[in-house]
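Chain residues, written in single-letter form:
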Amino acid sequence: MAERVLMKGNEAIAEAAIRAGCRHYFGYPITPQTEIAAYMAKRMPKIGGVFLQAESEIASINMVYGAAAAGMRVMTSSSSPGISLKSEGLSYIAGSDVPAFVVNVQRGGPGLGGIQPSQSDYFQATKGGGHGDYRMIVLAPASVQEMASLTVKGFNLADKYRMTAMILADGTIGQMMEPISFEDVEVETYDKPWALTGTGMKREHNIVNSLYLKPDELERTNFQRYEKYRTVEESEALWEEYLMEDAEICVTAFGIAARVAKNAVAAARAEGIKAGLIRPITLWPFPKAALRRAADQVKAFVSVELNMGQMIEDIRLATECRRPVSLCNRTGGMIPSPDQVLSSIQAAAGCRDGRLSEGQMTSPAQKGGN
Amino acid sequence: MATVFQKPHALTDAALHYCPGCPHGIIHRLVAEAIDSLGIEGRTIGVAPVGCAVMAYDYFRCDMMEAAHGRAPASATGIKRCRPDCIVFTYQGDGDLASIGMAETVHAAARNENITVIFVNNAIYGMTGGQMAPTSLPGQVTQTSPYGRDVTHCGWPIRVCELLSTLEGPEYVARVAVNSVKNVKAAGKAIEKAFRNQVENKGFSLVEVVSACPTNWGMTPQKALEWVESDMIPYYPLGVYKDRTAAKEAEAK
Amino acid sequence: MKTTQILIAGFGGQGILFAGKFLAYKGLLEDLQVSWLPSYGPEMRGGTANCSVILSETPVGSPIITDPDVLIVMNLPSLQKYVDAVVPGGQIYVDSTLIHEKVERTDVDVFYIPATQMASDAGVSTLANMVLMGHVLKNNPQLTFDGTETTVQKLVPPTKQQLVDLNMKALQAGRDYQP
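Given the structure is predicted, the values throughout are model-derived calculations rather than measurements.

Scoring rules and cut-offs
What you see as residue numbers is a count from 1 along each chain, following the sequence as written. Chain labels run from A onward and ligand labels from 1 onward, assigned in the order the entries are written. Reporting of local features is limited, given that this is a predicted model, to residues whose pLDDT is at least 70; pairs of side-chain atoms are given and counted only at 80 or more, and all residues count toward the totals for whole chains, interfaces and linings. In this description a helix means any DSSP run of H or I spanning at least four residues, a strand means any run of E spanning at least two, and both kinds are numbered starting from the N terminus. Using C-alpha atoms as the atom set, the radius of gyration is obtained and then compared with a globule rule of 2.2 Å times the number of residues to the power 0.38. Two residues form a contact once the distance between their C-beta atoms, set from the backbone, is within 7 Å. Gly falls in the polar group here, along with every residue not listed as nonpolar (Ala, Val, Leu, Ile, Met, Phe, Trp, Tyr, Cys, Pro) or charged (Asp, Glu, Lys, Arg). A pair of strands is treated as paired once DSSP finds two or more bridges between them. Every C-beta atom is placed from the backbone, and the number of other C-beta atoms within 10 Å of a residue's own sets its class: buried at 20 or more, exposed at 12 or fewer, partly exposed in between. Each nonpolar core reported here comprises buried Ala, Val, Leu, Ile, Met, Phe, Trp, Tyr and Cys residues connected via C-beta atoms within 7 Å. Boundary definitions for the domains trace back to an automatic or database domain assignment. Interaxial angle, 0 to 180 degrees, is taken between N-to-C directions of lines fitted to C-alpha atoms, where a helix line uses only the stretch in contact. Convention used here: angles under 35 degrees read as roughly parallel, angles over 145 as roughly antiparallel, angles from 65 to 115 as roughly perpendicular, and any remaining angle as oblique. Handedness of a crossing follows from how the near helix is turned relative to the far one, being left-handed for an anticlockwise turn of less than a right angle and right-handed for a clockwise one. Expected helix span is computed as 1.5 Å times (number of residues minus one).

**A closer look at the overall build of chain B**
Secondary structure assignment for chain B yields 10 helices and seven strands. Taken over the C-alpha trace, chain B has a radius of gyration of 17 Å; the compact-globule value for 253 residues is 18 Å, and the two agree within 12%. Considering only intrachain contacts with a sequence separation of at least 6, the fraction spanning at least 24 residues in chain B is 67%.

Written out as structure tokens, the structure reads:
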């Protein structure tokens, strides 16, 4: 077994990226992800790579766009307000079908918001953010080990499908330290005949471009791209199930919220409530099949989120609203306690005929408390 | 029959989409001639802007990329840092380079990024139909300055070469024009120098080409070229604004 | 030991995060599951700093500590903020050089250590945090002083191994302190 070392989540991403073959990092400082840039600044010059601090998030994503077009494994990282600025570039990268790896260590929003952990960029990451019809593969690590393993996976998937893979983490997982080992790094390599390398006077010129002025061409390109997305949806969804076998209440949560939810599920079990957890690891593609199956089995869902209820919409869609879904949430940088989640589970377990009354909604925001 | 004149190899056979009388064709040709004469087509990567030259990726035979509006110097930086052996150039208009992309321009210059920037200044937004540009002259009538550019209201035109030449970073900053045979020849030399500088790893080289936009200026091509001479060049004087190597050599003497 | 939740709090610059890192590394070397979570942001710059360390025989669930088993405090605001959160039967370690108030709760064990004074007396004035750690290792039934030196060696960068002795000096002073 590889040696376990203690590492911050942000540093684990940086080290894993290097091990995944990334030699180009372009970024701009923002809390709480700056450790990634600092790590890259230290390491890249020593391994023949490039670390460049750009003049803005906008410039940095467009440097990534250029480097990705040149066929390199390249990444940038930022936090919520910075990702808004990068969204323009993410749209161009999607429209040009080049692979990129992007990290969002989320903080509270909207606007400048705060710097404490949040999951309120779920919509931005999974539904768009930039303009146009496009998707990104969105990976939601819940541990420092996953910060590393999903980074490697993200680079592989980005190259495989020629699209952006985004790590959607939060300030807690970015800042915390846990033991980690790097033994399972499997780097896949893909040919990139489309990349800008110089023609060498041996081939027709390659063009990396997102402009299609003829509507029928643009439509065709979009249809083709969505064929690709369909393949991703069919084959790349990842999730974890915890105590779901006989569960009657299904808690759903991703990232740090899932860590809290797991404690609460264990506590509920100790009280005799048959609770289980489904933790989406890919937020797009969303693990619809797992949720659909769970809807056949459980009485109710409880979605635990560090936002005002964004993933809950995907749960309702995946389950076709066949079971009530209640929200247990905190926002603005607050994190629910296991007790708060437990009372949400208790409330859901107490519901009759699978119907929750409004009064049983346990979100502090909805109750106007906290 | 002897060939006495032909298209540069670095240009494709695609028909240009530019308006009649537009000097973009001349400037494309000058860029392609520089690529040909340095023998670098096989390792050149061009970055097209958003603006009239948005489809330049179809016209140059080297590998090409289409950047987001104003971001060409950033994307070119990304490419150059990955492929330092490639010759990377951007081709940008005044709105792209001096308005929305000013930060990218200034910082690429400040870093002495080893790229070549061809900056076409025709004092107007052409692609979108003739709006005021950061380089539109005081009093100039455009779609968005219908009473003439009022500098008390929307500020003064930006002289990019003068601004960049205050920076330590850039290797070479020069302004040329394409309104006469003599000026076109000088422009060709400056553009070739800007590419050669990159081949010789000297760093950031920008050539501002004072150009014309007959369509959106509402002039005949001939009149537009005269206006370049009478109005544009007095505000944007031609010349070399920065040449670090030449300055060092002069100092050595 | 099943799971021990340790909250360390004080001012920025007192070595709160380093102390937490020490405990986490010690747990790691003992093959425990561990997590270390700092407070972060502008409040760290001269304001309050805190750090949550969980040591466990089973995988760590939430890394966020709401009810610590062990509270270690190096300033009064931190004591006031967290004193009521400690689980009944838990332990509170107080740097009594810096905090003159006494804990009123009777359902917890409280240890008063003049750590800042002791560190100063021992010529390691910046290591009051490690004096406290030494006392915690000695007095917490779930923790042990064994393997401390290996942990410190691991924690101190190879270029600064001279700091190992200083840290050990502070840790031993804390271990040997008799009220």
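Past the structure itself, the notes keep going.
**Notes on the interface of chain B and chain A**
With 29 residues of chain B at the interface, the matching set in chain A holds 34 residues. Looking at the side of chain B that touches chain A, the elements with two or more residues in it are β1 (44-48), β2 (63-66), α2 (72-82) and α4 (102-110) of chain B. With eight residues, α2(B) is the single largest residue contributor to the side of chain B that touches chain A. Residue composition of the side of chain B that touches chain A, by class: 14 nonpolar, six polar and nine charged. Summarising the sheet, strand β9 (residues 207-208) of chain A and β2(B) pair through two bridges and their orientation is parallel. Each bridged residue has a counterpart across the sheet, and for A:I207 the counterpart in β2(B) is B:M64.

**Notes on the arrangement of the chains**
Of all two pairs of chains in contact, the one with the most contacts involves chains A and B. At no point do chain B and chain C touch; the closest pair of C-alpha atoms across them sits 28 Å apart.

**Topic: the pairing of β2(B)**
All names here are of chain B. Residues D63 and M65 of β2 are buried on one face, and the alternating residues M64 and E66, pointing to the opposite face, are buried as well. With four bridges joining them, β1 and β2 adopt parallel strand pairing. For A48, the partnering residue across the bridge sits in β2 and is E66.

**Regarding the nonpolar core**
Counting 249 residues, the largest nonpolar core has A:V251, A:A261, B:I118, B:V209 and C:V131 as the members making the most contacts within it. The residues that make up this core include at least three from each of domain 1 (5-235) and domain 2 (239-367) of chain A. If sequence neighbours within four positions are ignored, B:I118 has contacts with B:I27, B:V31, B:F89, B:T90, B:Y91, B:I191, B:V207 and B:V209.

**Remarks on the interface of chain A and chain C**
Each side of the interface is counted separately: chain A has 18 residues, and chain C has 15 residues. Residue assignment for the side of chain A that touches chain C shows that the elements contributing at least two residues are α7 (171-175), β8 (177-180) and α9 (255-270) of chain A. At four residues, the largest contribution of residues to the side of chain A that touches chain C is made by α9(A). Residue composition of the side of chain A that touches chain C, grouped by class: nine nonpolar, five polar and four charged.

**Regarding the domain arrangement of chain A**
Residue and element names in this part refer to chain A. Domain assignment breaks chain A into domain 1 (5-235) and domain 2 (239-367). Taking only C-alpha atoms, the centre of domain 1 and the centre of domain 2 are 29 Å apart. Each partner contributes to the interface: domain 1 provides 26 residues, whereas domain 2 provides 22 residues. Mapped onto the side of domain 1 that touches domain 2, the elements with two or more residues apiece are α5 (122-127), β6 (137-139), β7 (164-170), α7 and α8 (215-235). Residue composition of the side of domain 1 that touches domain 2, by class: 15 nonpolar, eight polar and three charged.

**A short note on the packing of α9(A) against helix α12 (residues 338-349) of chain A**
Residue and element names in this part refer to chain A. α12 packs onto α9 with a crossing angle of 55° between their chain directions and a minimal axis gap of 8 Å. With respect to each other, α9 and α12 are oriented oblique. Crossing of α9 over α12 shows right-handed handedness. When α9 is examined against α12, the residues V260, A261, N263, A264, A267 and A268 are found in contact with a partner set consisting of P338, V341, L342 and I345. Here the residues of the contact of α9 with α12 are counted per class, giving nine nonpolar, one polar and no charged.

**Thoughts on the sheet that holds strand β5 (residues 100-106) of chain A**
Residue and element names in this part refer to chain A. With mixed pairing, the seven strands of this open sheet are ordered in space as β3-β2-β4-β5-β7-β6-β13. Two strands close off the open sheet at either side, each with one partner strand: β3 (50-53) and β13 (282-284). This sheet shows a mean twist of 20° between the axes of neighbouring strands, independent of strand direction. Bridge count between β6 and β7: three bridges; the pairing is parallel. When the sheet's bridge partners are listed, V138 is paired in β7 with M166.

**Digging into the packing of helix α1 (residues 16-29) of chain C against helix α4 (residues 128-139) of chain C**
Packed helix pairs are characterised by how far apart their axes lie and by the angle those axes make with each other. All names here are of chain C. Orientation of α1 relative to α4, taken along the N-to-C sense of each, is 35°, at an axis distance of 9 Å. The hand of the α1/α4 crossing is right-handed. Counted together, I16, F18, A19, F22 and L23 of α1 and N129, M130, L132 and M133 of α4 form the full contact between these two elements. Per-class residue counts for the contact of α1 with α4 are eight nonpolar, one polar and no charged.

**So, the environment of A:P179**
Of note, A:P179 is situated in strand β8. A:P179 sits 45 residues away from A:Y134 along the chain, and the two C-alpha atoms are 36 Å apart. Discounting residues that sit within four places of it in the chain, A:P179 has contacts with A:R4, A:V5, A:L6, C:L28 and C:V34.

**As for the sheet that holds strand β4 (residues 116-121) of chain B**
Strands pair in a sheet through their backbones, by hydrogen bonds, and they do so in one of two ways: parallel or antiparallel. Reading across the sheet, the eight strands line up as β9(A)-β2(B)-β1(B)-β3(B)-β4(B)-β6(B)-β5(B)-β7(B) and stay open at both edges, with mixed pairing between neighbours. Each edge of the open sheet carries a strand with a single partner, namely β9 of chain A together with β7 (239-243) of chain B. Sheet topology note: the β4(B)/strand β6 (residues 205-210) of chain B ladder contains six bridges and is parallel. Residue pairing across strands places B:F119 opposite B:E208, the latter belonging to β6(B). Its contacts with the sheet place helix α7 (residues 181-199) of chain B against β3 (87-93), β4, β5 (172-177) and β6 of chain B, and it is angled at close to 160° to β5(B).

**Let's talk about α9(A)**
All names here are of chain A. Taking 1.5 Å of rise per residue, the 16 residues of α9 would be expected to cover 22 Å, and the 23 Å separating its terminal C-alpha atoms lies within 8% of that figure. Among all positions in α9, only G255, I256, A257, A258, R259, V260, A261, K262, A264, V265 and A268 are buried. Remark: G272 follows α9 within two positions and exhibits a positive phi of approximately 90°.

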